[in-house]
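As a plain string of letters, each chain reads:
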Amino acid sequence: MSLSQDILFEAQPYLIANEKHPFVQGIITGKLTPEQLSYYDEQDIAFEYNEVGVINALINYSTNTNQALLFHKRQDLQLHMLHDWLAREPESMPHNWQTLKQTTIQPINQMYRQHMVATIQTHSVLQILPSFAAGEWMYIELGKWMRNQTRVQEQPFKDFLNIGGGDFEGPNGYIQKFFDIIDHEAESATKREQEQAKQTFLKSCLLEWYFWDAAYKQITWNDWKDIALNGKDNAML
Ligand SMILES: Cc1ncc(CO)c(N)n1
């Protein structure tokens, strides 16, 4: 079994848990509040901006030119996605590069972002790529699964997780190429390095669930502070 097959086998329960999360269910039923959507929107755009740094590292530590070109192409897509995203929803939530860089990174987002950037110091594509590829894989799989669900046909729910299949899916899509790179790099890695790469992927899958959860409950540092300093009920966390 290749490393990517092994990873994907172990990631299945995480995919199912993500499908069941009330935020994801709320996308299907259109039952998320504007506040939940806006928390997600703000945190996720900042999350995607953080990925720019992770993709830069992938370009930097590529082990051959084809890898570097692929990551460079993915970076171009990332920056275009961010550009289009910043141009959307201008009235309900003004977005721009300045506000994006000043957004407060809430607890789970911070944990997830740091989980990803912590892999950069390994200087190893095998360790960095799974941290990033897991989220991409999760969104692609959730998008495929959504197509079989009877979902609300109103914006913004209609296009949520309806990610550009062409670029990401199929034998020539990014995600397959990322798994091919993981398998290629695994060939020259130790068992321990392979296991580390797998655990990094699974940790990202887990943090995907918590990212939905944080948006569903709109968890902020103020909530953490209230619980710690004022002894407020911590059932919500
Ligand atoms: C939290 C998160 N994970 C993955 C993706 C997919 O790019 C996203 N937009 N946000």
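Residues numbered from 1 in each chain as written. Predicted model: local features only at pLDDT ≥ 70, side-chain atom pairs only at ≥ 80, totals over all residues. Heavy atoms only, no water.

Under an unreviewed UniProt entry, the chain has the name Aminopyrimidine aminohydrolase and belongs to Lentilactobacillus kefiri. In UniProt, the chain has this text filed under Sequence similarities (unreviewed entry): "Belongs to the TenA family." (UniProt positions renumbered as here; feature names shortened; annotations may be inferred.)

(A) Structural detail: the site of the ligand. With respect to spatial proximity, the complete set of residues near the ligand consists of Asp-44, Phe-47, Glu-48, Gly-135, Tyr-139, Glu-208 and Phe-211. At 3.2 Å from a nitrogen atom of the ligand is found a side-chain nitrogen or oxygen belonging to Tyr-139. With the chains in place, 93% of the 280 Å² that the ligand exposes on its own is no longer accessible. Elements supplying a minimum of two residues to the shell around the ligand: α3 (34-60), α7 (125-146) and α10 (191-217). Among the elements that take part in the shell around the ligand, α3 stands out by supplying 3 residues, more than any other. In the shell around the ligand, the residues fall into 3 nonpolar, 1 polar and 3 charged. (Near = heavy atom within 4 Å. Polar contact = N/O pair within 3.5 Å; in protein donor to acceptor, adjacent residues only side chain to side chain. Areas by Shrake-Rupley, 256 points an atom, 1.4 Å probe, with all protein chains shown as cover. Helix = DSSP H or I, 4+ residues; strand = E, 2+ residues; numbered from the N terminus. Nonpolar A, V, L, I, M, F, W, Y, C, P; charged D, E, K, R; others polar.)

(B) A look at the side chain of Asn-18. Its place among the elements puts Asn-18 in helix α1 (residues 3-20). For Asn-18, a relative accessible area of 0% translates into the label buried. In contact with Asn-18, not counting residues within four places along its chain, are Val-24, Met-138, Leu-142, Cys-205, Glu-208, Trp-209 and Trp-212. (Buried < 20%, exposed > 50% of the residue type's maximum accessible area, 1.4 Å probe, protein only. Contact = heavy atoms within 4.5 Å.)

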